[in-house]
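Spelled out from the first residue to the last, the chains are:
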Amino acid sequence: MNPSENKRSIPFVKHRKKFFTFSAVFFLAGIILLFTAGLNLGIDFQAGSKVEVLANDTLTAEEVEQQFASIGDGYEPDEITLAGDNNELAYASFIGTLSQDEIAEIQTYFGDQYGQQPTISTVSPQVGKELAQNALISVLIASIGIILYVTIRFEFWYGLASIAALMHDAFFIIVVFSIVQFEVNVPFIAAVLTIVGYSINDTIVTFDRIRENMSYEEEITSFDDLARVVDLSLNQTIVRSINTVLTVVFAAGAIFLFGGEAIRSFSFALVIGLVAGTYSSLFLASQLWLSWKWKSIQRNWNKPQKEDPEDMEPEV
Amino acid sequence: MIKKWRIVTFFVIILALAGVISQTVMGTAKGINLGLDLQGGFEVLYEVTPAEDGEELTDETMQATVSALNQRVNVLGVSQPNITIEGENRIRVQLAGVDNQQEARDLLSTQAELSFRDVDDNVRLTGQALQENGASVGFDQANNPVVTLSLKDANKFGQVTENILEEYNQPNNRLVVWLDYEEGDSFSEEVQKQDPKYLSAPQVNSPLYQQDIQIEGNFDVEEAEFLAEVLNSGSLPVDMEEIYSNSVSASLGEQAMDNTIFAGFIGIGLILAYMIAYYRFMGIIAAVTLSAYIYIVLLIFNWMQGVLTLPGIAALILGVGMAVDANIITYERVKEEIKSGKTILSAFKAGSRRSLSTILDANITTILAAGVLFYYGTSSVQGFAVMLIVSIVTSFLTAVFGSRLLLGLWVQSRIFNKKPRVFGVKENQIHESQ
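Just so it is clear, the structure is predicted and the values come from calculations on it, not from any experiment.

Here is what the cut-offs are and how they apply
Residues numbered from 1 in each chain as written. Chains lettered and ligands numbered in written order. Predicted model: local features only at pLDDT ≥ 70, side-chain atom pairs only at ≥ 80, totals over all residues. Heavy atoms only, no water. Contact = heavy atoms within 4.5 Å. Buried area = accessible area lost by both parts, 1.4 Å probe. Salt bridge = Lys/Arg side-chain N within 4 Å of Asp/Glu carboxyl O. Polar contact = N/O pair within 3.5 Å; in protein donor to acceptor, adjacent residues only side chain to side chain. Helix = DSSP H or I, 4+ residues; strand = E, 2+ residues; numbered from the N terminus. Nonpolar A, V, L, I, M, F, W, Y, C, P; charged D, E, K, R; others polar. UniProt positions renumbered as here; feature names shortened; annotations may be inferred. Phe/Tyr/Trp six-rings, centres within 6.5 Å; stacked < 30°, edge-to-face > 60°. Lys NZ or Arg CZ within 6 Å of the ring centre and 35° of its normal. 1 Å grid on protein atoms, 1.4 Å probe; cavity = no way out; pocket = protein on both sides within 12 Å on 5 of 7 lines; lining within 4 Å. Points joined across faces, edges and corners; volume = space filled by probe spheres on them. Domains from an automatic or database assignment.

Chemist: What's the story with the interface of chain B and chain A in this structure? I'm lost.
Modeler: Each partner contributes to the interface: chain B provides 67 residues, whereas chain A provides 72 residues. Summed over both sides, the interface between chain B and chain A buries roughly 5900 Å², with carbon and sulfur atoms accounting for 62% of that surface. With a shortest N-O distance of 2.8 Å, A:R240 and B:D325 are connected by a salt bridge. Across the contact surface, chain B and chain A share 12 residue pairs in polar contact (both at pLDDT 80 or more). If you list the elements that add at least two residues to the side of chain B that touches chain A, you get strand 2 (41-50), helix 4 (101-109), strand 11 (238-248), helix 8 (250-303), helix 9 (310-339), helix 10 (344-376) and helix 11 (379-412) of chain B. The residue makeup of the side of chain B that touches chain A, split by class, is 34 nonpolar, 22 polar and 11 charged.

In C-alpha cells, the structure reads:
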C-alpha cells in the first residue's frame, strides 16, 4: 500500500482521549452557558419591534433616543445599538409589538428626518420559534434518513458517528453564539443548516476512506489494527480536508469581512461551523467510530459464533 | 504521439463556454428575483380566520383570499408579489421593492366589506349588491372627491331607501355606509366622534330607484381612490390578523446586496487562486468548472423563477464548497495514484474512478438532508433547501463530469506523459510501483 504513510504522519488515535475530554468539557460548559448566559435572541424569537434607522452621517445613541422622544410619548426604545462603518446605522428595539399606526408614525418621522424610511420589523415570537422548531425536527428526521442510508452503504456505526459529528457542529455554533452574544435570527438558522450539510459531507468523505482501507485489511485482531487503519485514512485525507475547508472559509470569510452589517452574524456562524465541522470529522467522528467499532468487534467475539461475525450487524 | 485534436477540442469548449457566459451572465443574474432581504420591501404573515363565526376555513376560501390579495397587490404595481398559503390558516405576503409600505399594508389588511345599515346598525344592503369593478372616483358639485358605485339592481336600492323612509323619521332617516363593520360597532356611538368609523351617513329624503350611487365621506382624493380600488378588487371572505411582519428598507437591502456581491467576487477569486496555486494545471480546470457551476446555478435558478435570499446565498456557498471538494477529492486521488508510480493516463483513470463513489456518497447524503428540509421545512428553510439541491446536483455534474471531460482531453492527448509536475507531484515523491 502507500509506503509514504509513515512520513510526517499524524497519530490522531493516540490523542483521541484528549479530544473526547475536550469535547465533553466543551459540551458541559456549553450547556451551563446556554442556561445562564443564554442566547441573544433576535426579534424573530421575541415579541417585539425593531427599528433600523439609516442616517447619512454618524449617529449617537442619545440622538436616536431624542429623535424617538420627539415623535411622541411612549416611544422609548428599550435598547439602542449602533452599527455601520461610521455609526450611521442605529437599531432601536422595543419590547412589545408596535401597532400599524405607530409604525406609520415612526416611518414618516424618520423618512422626513433622514430621507430614508427606517426598516421596521415586528414579530410575535411564535413564528420564529416555529421556524426553529421546524428546522430542528427536519434535521432530526434527516438524521434518521442519513443513518439509514449510511447503514446500507457503509455500516451502522459510521452513520451513528456522522450524526454525532453533525450534532456536535450545530451545538458548537450555538454555544459560540452564546459566548459572543451575537443576535440569533432566521439567517442564523440557515447558517446552522448549512453547517449541518457541510458536516455530513466532510464526515462521509473521511469515512469513505476508512471503509476503503478497511476492505484491504485481512482481519482485525487487535485495537491497534483498527487504530492503524483510522490513522492511515485520516492522514490520507487530511490534505483534502484542509484544502476544502480553506476554500469554503475563503468564501464565508470574505462575506464576513466585506458582506456588510446585515449578514455579519450569519457569515460568522458559517466560519465557526466550518472549523467545527473539520475538527469533528477528524477528531470526533472517526474516533467515535473507532471506539464503537472496536467494542462491537469485541462483543461479536464474546458471542457464540453462529455465522460469519465479520458481516454481522451489531444489535443495539 | 501527441494527439493535438484533443487539445484543440479543449480550447474550443473553453472558448464556447467563455463566449456563452460572458454574453449572457449579466442578463441571467439580473433576471433573478431577489428576496426582501436583498432588495428591500416587506413581508407580512397573516393568520386567517373565517369572516363569520362557525364557518369553516376551506381550501377554496384560502385560494379565494389569495386571489383577492393578488388583485389588490396589482393595484400597487409590485412586479413580483409572492403570496403563499402556509399550513392551514396562514398567508404570507412578500412584496419586494414597494415604495409606500403604509399604503400597501392598509390595502392588504382591509377586509373591504361594504355594508349599508340603518341607524340601529341593522344590515340593509351588503357589498354583494355591488357590480364588479363598478367603483370609481368622481367629484360632486363642490368639487369634493366622492366614490361612485354601480349596483347590480336599481330596484333593490330603491326598496331599501323606501323602507328607511317608512320606518324612520327625521333625523334618523339615514343610510349609514360602513367599511369593515365589526361586531360591536354602533352608529350612535360613532356619530359623536370627531372621526367616525363609518364612511358616511347620508339622509334619505326620497326613494332612490337608481343604479349609480355616490358616497360622500369627506374624502381627500387619495382616500377616495383607495376605497374605489379595494372595492373593485373584491372583498376578502376572511378576517386576517397580522402575526409577523418584517420590512427592509430599500437602501439597506441594496447595501447588503452590493456588499454581498463584492464579497462573493473576493471569495471566489481567492478560491480560484488557491486551487491554481496548489493543484497547478488541475487547478485551472477546477477554475473553469467552478465558473461553469456558478453560471449554471444562476441559470437554473432563473428558469425556476426562484427568489434569491440570504439563506439561498448560504446554500450557494455550500454548493461552491462541495464543487471545490469534488475537484479536490479527485485531484488528491489522481496525485496519490501518480505517486504510487502509475502512468499519468492510468493514474487519471484510476483516480477519477475511485473518487467517484466517495463524491457520490457525500453528495447523496447531503441531498437526502436537503430533501427532508424541503419536505418538512417552511419559508426560508425551504428556500434554503431548494437552492441546496440545485447547487449539489449542478456541482456534481460540473465538478465530476465537466472536470473529467476537460482534464481527460489533456491527459489523453498524452502531452503530459511523464510530466508529473504539471499535477503538483515532484519526481522524488513517486515510488516505483510493484
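Chemist: Can you walk me through the UniProt feature "transmembrane region" (unreviewed entry) in chain A in this structure?
Modeler: All names here are of chain A. The positions that UniProt labels "transmembrane region" (unreviewed entry) are, in the present scheme, residues 20-43, 131-150, 157-180, 186-207, 242-260 and 266-290. For residues 242-260, helix accounts for 89% and strand for 0%, while the C-alpha atoms at its two ends are 27 Å apart. The span residues 266-290 is 100% helix and 0% strand, and its two end C-alpha atoms sit 34 Å from each other.

Chemist: Looking at this structure, I do not really get the packing of aromatic side chains. What am I missing?
Modeler: Aromatic ring pairs: the centre-centre distance and the angle between the two ring planes describe each pair. Residue and element names in this part refer to chain A. Taken as a whole and assessed by the stated rule, the structure comprises 39 aromatic pairs over all chains. Between F22 and Y279, the aromatic rings sit 6.0 Å apart at their centres with planes inclined by 75 degrees, giving edge-to-face as the arrangement. Remark: Y279 occurs in helix 8 (residues 264-302) and F22 occurs in helix 1 (residues 16-36); sequence separation between them is 257 residues. Looking at R211, its charged tip hangs above the ring of F154, at a distance of 4.1 Å from the centre.

Chemist: I keep staring at empty space enclosed by the protein and nothing clicks. Help me out?
Modeler: Taking a probe equal in size to a water molecule and rolling it over the atoms shows the remaining empty space. Summed over all chains, the structure comprises 6 cavities of 30 Å³ or more. The computed volume of the largest cavity comes to approximately 100 Å³. Sorting the residues of the lining of the largest cavity by element identifies helix 6 (186-216) and helix 7 (223-258) of chain A together with helix 9 and helix 10 of chain B as the ones contributing at least two each. Tallied by class, the residues present in the lining of the largest cavity amount to 2 nonpolar, 4 polar and 6 charged.

Chemist: Sorry, what's going on with the domain arrangement of chain B here?
Modeler: Size of an interface, as often reported, equals the accessible area lost when the parts are brought together. Segmenting chain B into domains produces domain 1 (4-37 + 249-429) and domain 2 (40-246). For domain 1 of chain B and domain 2 of chain B, the distance between their C-alpha centres works out to 54 Å.

Chemist: So what exactly am I meant to see when it comes to the domain arrangement of chain A here?
Modeler: One can read the domain layout of chain A as domain 1 (13-40 + 127-300) and domain 2 (48-123). Domain 1 of chain A and domain 2 of chain A are separated by 40 Å when their C-alpha centres are compared.

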